[in-house]
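The lines below spell out each chain.
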Amino acid sequence: MTADADGVDWDVLGFVVASDYRRAVVDALDDAGPATPTTLGERTGLEITHVSRTLTELREHDVVELLVPEERSKGRFYGLTDAGENVAAEVTSHE
């Protein structure tokens with residue numbers, strides 16, 4: 001990820017805002033903190049399959065991170081990375 005002086009990676013920001021699902025998940029994590037996919041589904045109104053796919057995409061772009069060991073299959077909490085927090089702040093400022 002290549003960020004500008006303010007810590008914003010415009011390519012990743014564009015990636016997040018290009019999808020209502022990605023934006024909803026980032027907003028939910030920014031507003032209420034780390035959560036499981038089930039909780040994110042409840043917070044966003046999205047189906048769990050969409051949340052899970054979106055979390056995978058966001059992890060690949062270093063926006064969210066898994067906060068528990070990878071091998072855990074239940075109780076997998078996700079949170080924003082530092083870069084994800086920068087993206088979330090930028091999304092909010094452009095609304």
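Residues numbered from 1 in each chain as written. Predicted model: local features only at pLDDT ≥ 70, side-chain atom pairs only at ≥ 80, totals over all residues. Heavy atoms only, no water.

Visitor: Is there a simple way to explain the side chain of Asp9 in this structure?
Guide: With respect to the helices, strands and loops of the structure, Asp9 is situated in the segment before α1 (10–17). For Asp9, which is buried and forms no salt bridge, the nearest opposite charge comes from Arg22, at a distance of 13 Å. Among the polar contacts listed, one links the side chain of Asp9 to the backbone nitrogen of Val12, at a separation of 3.1 Å. (Helix = DSSP H or I, 4+ residues; strand = E, 2+ residues; numbered from the N terminus. Buried < 20%, exposed > 50% of the residue type's maximum accessible area, 1.4 Å probe, protein only. Lys, Arg positive; Asp, Glu negative; His and termini not counted. Salt bridge = Lys/Arg side-chain N within 4 Å of Asp/Glu carboxyl O. Polar contact = N/O pair within 3.5 Å; in protein donor to acceptor, adjacent residues only side chain to side chain.)

Visitor: Teacher, can you tell me more about the side chain of Thr54 here?
Guide: Structurally, Thr54 can be placed in helix α4 (residues 48–60). Look at Thr54 and you get buried, because its relative accessible area is 3%. For Thr54, the side chain forms a polar contact with the main-chain oxygen of His50, separated by 2.7 Å. Aside from chain neighbours lying at most four places away, what touches Thr54 is Tyr21, Arg22 and Val25. (Contact = heavy atoms within 4.5 Å.)

Visitor: Is there a simple way to think about the nonpolar core in this case?
Guide: For soluble globular proteins, the rule of thumb is that nonpolar side chains tend to be buried together. Formed by 24 residues in total, the largest nonpolar core has its most connected members in Val16, Leu40, Leu58 and Val63. For this core, the secondary structure elements donating two or more residues are α1, α2 (20–32), α4, β1 (64–66), β2 (78–80) and α5 (82–93). Here Leu40 is in contact with Val25, Ala28, Leu29, Ala35, Val51 and Leu55, once residues within four sequence places are set aside. (Core = buried A, V, L, I, M, F, W, Y, C linked by side-chain atoms within 4.5 Å.)

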